[in-house]
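# Fold and contact review
Here is what each chain is made of, one letter per residue.
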Amino acid sequence: MLLLADIIEKCRRAERITAEEALVLWQQASLWQLSELALAAKRRVSGEKVYYNRNFHLEPTNVCLFECKFCSYRRKAGEAGAWDYSMDEVLDIVRSRQGSGATEIHIVGGVHPTNDLYYYAEMIRRIKEIMPTVAIKAFTAVELNYMIRQAGLTLEQGLSLLKEAGMESIPGGGAEIFAPEIRTKICPQKGSAEEWLALHRTAHGLGIDSNATMLYGHIEGIEHRIDHLMRIRELQDATGGINAFIPLKFRSANNSMSELGETSVTDDLRTLAMSRLLLDNVAHIKAYWVMYGKATTELALAFGADDIDGTIDDSTKIYSMAGAADTRPTMSVEDIERICSAAGFTAVERDTHYNEIK
Ligand code: V47
Ligand code: SF4
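Residues numbered from 1 in each chain as written. Chains lettered and ligands numbered in written order. Predicted model: local features only at pLDDT ≥ 70, side-chain atom pairs only at ≥ 80, totals over all residues. Heavy atoms only, no water.

### Focus on the overall build of the protein chain
Within the protein chain, the secondary structure is distributed over 14 helices and 10 strands. In summary, the protein chain has a C-alpha radius of gyration of 19 Å against a globular reference of 21 Å for 358 residues, a match within 12%. Principal axes of the C-alpha set define a box for the protein chain whose edges measure 60 × 45 × 40 Å. When burial is assessed residue by residue, the protein chain has 59% of its 358 residues classed as buried. Considering only residue pairs separated by 6 or more positions, the protein chain has 76% of its internal contacts joining residues 24 or more positions apart. Accessible surface, the protein chain: about 13,900 Å² in total, of which carbon and sulfur atoms supply 52%. (Helix = DSSP H or I, 4+ residues; strand = E, 2+ residues; numbered from the N terminus. Rg over C-alpha atoms; globule rule 2.2 N^0.38 Å. Buried < 20%, exposed > 50% of the residue type's maximum accessible area, 1.4 Å probe, protein only. Contact = heavy atoms within 4.5 Å. Areas by Shrake-Rupley, 256 points an atom, 1.4 Å probe, with all protein chains shown as cover.)

### A short note on the side chain of Asn 115
Relative to the helices and strands, Asn 115 is located in the loop between β3 (104-107) and α5 (117-130). Among the polar contacts made by the side chain of Asn 115, one reaches the side chain of Tyr 120 at a distance of 3.3 Å. Sequence-distant contacts of Asn 115, defined by excluding residues within four places in its chain, comprise Asp 84 and Tyr 120. (Polar contact = N/O pair within 3.5 Å; in protein donor to acceptor, adjacent residues only side chain to side chain.)

### Things to note about unusual backbone geometry
Non-glycine residue Asn 254 carries a positive phi angle of around 60°. Turning to its location among the elements, Asn 254 is positioned in the loop between β7 (242-249) and α11 (265-278). Overall, the relative accessible area of 61% leaves Asn 254 in the exposed class. Of note in this structure, Asp 313 is not a glycine but carries a positive phi near 55°. Tracing the chain through its elements places Asp 313 in the loop between β9 (307-310) and α14 (333-342).

### Looking at the site of ligand 2
Taken together, the residues surrounding ligand 2 are Cys 64, Phe 66, Cys 68, Phe 70, Cys 71, Tyr 73, Arg 74 and Lys 190. Under a 2 Å grid-point criterion requiring more than half of the atoms, the pocket assigned to ligand 2 is the largest cavity. A per-class count over the shell around ligand 2 returns six nonpolar, no polar and two charged. (Near = heavy atom within 4 Å. 1 Å grid on protein atoms, 1.4 Å probe; cavity = no way out; pocket = protein on both sides within 12 Å on 5 of 7 lines; lining within 4 Å. Sits in = over half its atoms within 2 Å of the grid points. Nonpolar A, V, L, I, M, F, W, Y, C, P; charged D, E, K, R; others polar.)

### Some thoughts on the site of ligand 1
Looking at ligand 1, there are 21 residues lining it, with Lys 137, Gly 172, Gly 174, Glu 176 and Lys 286 nearest. Within the backbone of Phe 70, a nitrogen or oxygen atom sits 2.9 Å from a nitrogen atom of ligand 1. Burial of ligand 1 by the surrounding chains reaches 95%, relative to a free accessible area of 610 Å². With respect to the detected pockets, ligand 1 is housed in the largest cavity.

### Considerations on the packing of helix α2 (residues 19-28) against α11
Contact geometry for α2 and α11: axes closest at 11 Å, N-to-C directions at 155°. By the angle class used here, α2 and α11 are roughly antiparallel. The way α2 lies across α11 gives a crossing that is right-handed. For the pair α2 and α11, contact is made by Ala 22, Leu 25, Trp 26 and Gln 27 and by Arg 270, Thr 271, Met 274, Leu 277 and Leu 278, respectively. Its residues assigned to classes, the contact of α2 with α11 shows six nonpolar, two polar and one charged. (Axes fitted to C-alpha atoms, helices over the stretch in contact; angles between N-to-C directions. Parallel < 35°, antiparallel > 145°, perpendicular 65-115°, else oblique. Left-handed = near helix turned anticlockwise from the far one by under 90°.)

### Remarks on the layout of surface pockets
For the largest pocket, the calculated volume is near 230 Å³. If you go around the largest pocket, you meet 15 residues; those closest to its centre are Tyr 85, Asp 314, Ser 315, Thr 316 and Lys 317. Counted by class, the lining of the largest pocket contains five nonpolar, five polar and five charged residues. Along the wall of the second largest pocket there are 15 residues; nearest its centre are Ala 41, Arg 44, Arg 276, Leu 277 and Asp 280. Looking at the lining of the second largest pocket, the elements with two or more residues in it are α3 (31-46) and α11. Residue composition of the lining of the second largest pocket, grouped by class: nine nonpolar, no polar and six charged. (Points joined across faces, edges and corners; volume = space filled by probe spheres on them.)

### Structural notes on the sheet that holds β9
Each strand in a sheet pairs with its neighbour through backbone hydrogen bonds, running either in the same direction (parallel) or in the opposite one (antiparallel). Within the open sheet, the three strands sit side by side as β9-β1-β10. Their pairing is parallel. Every other strand in the sheet has two partners, leaving β9 and β10 (346-349) as the edge strands with one partner each. Across the sheet, the axes of successive neighbouring strands diverge by a mean angle of 30°, strand direction being ignored. With four bridges connecting them, strand β1 (residues 49-53) and β10 associate as parallel partners. Among the inter-strand pairings, Tyr 52 is bridged to a residue of β10, identified as Glu 349. (Pairing = 2+ DSSP bridges.)

Below is the structure:
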């Protein structure tokens, strides 16, 4: 029989835990035990540092062919609340951010009926003409798989084309929950876990790094979360291309899973800590402040997170449309520094690839 005390000792010795051990830890350890273990694991990787970047999001459209049940953001073309910026409008947004000090643009939209791979490659190219030194972290694996398949290209060909245009990194979205019995219920059109993993694996092989996410707190169980984390750990063992893991808390406003409500803060903190402990090969665990709100983000730093994302500058609607507290999410560098120091850490500015910016 697996004993909690033995598993805790194993974590203290920084030994890798199994899925079975993770289940015992998740179910039986106290919040404070998880904090102690996750914080020690975080300190082994990033000491007293907590990373952030200067970034903004670009959401060229919320028009989407898919109908994920948890999504409050998507609209059909022409529906009330839909937006679909032209190339010129997108480039105007980018121009308006010149001089902001941003080092990264995070681009995601929807699975669009007509904007294709070549259109998005052109968009990236033209953004880079306006902000040549900014890193483009663009498109979820789901958007990429769709546009590359529609273009009739292999993953290598499609990703190489986007890399040549200036795409350096891929955000972690679209992973949701990998287990098919949950995935097919909450996002039936999204394609399988294997497709998400293959896209990221191929990107890593081409020198494009990425993040990984998990959407939790809906109809999944702890065993599905553990299965998800194990699959990410396996991918990372194989490629080493994942920069950060981001657990995404399901926000329940304005979508067809609203009746489920939301998880507790203690569940959020346990999930962060378990992500840190299971993903012993992923250097950074991100507490995405836009999703948690600033108060929980401070707490998250005691549960193994070493990154809080960036300044954002009121540029994303995905979470405010799903009920997140900040309806116009923005944090100054001073706010970020205050949050990190309140939790006993030092804020360190990073670029997309986690190089420190002095
Ligand atoms: O895949 C959509 C999630 C993701 C809801 O890589 C929701 O640095 C909660 O991937 N409640 C897209 N989550 C966003 C994303 C992301 C965010 C921040 C940082 C990074 C990164 C990536 O948003 C989707 C889905 O899992 N999402 N609706 C909702 N109602
Ligand atoms: Fe479309 Fe993404 Fe929303 Fe799913 S989560 S409906 S793919 S915008």
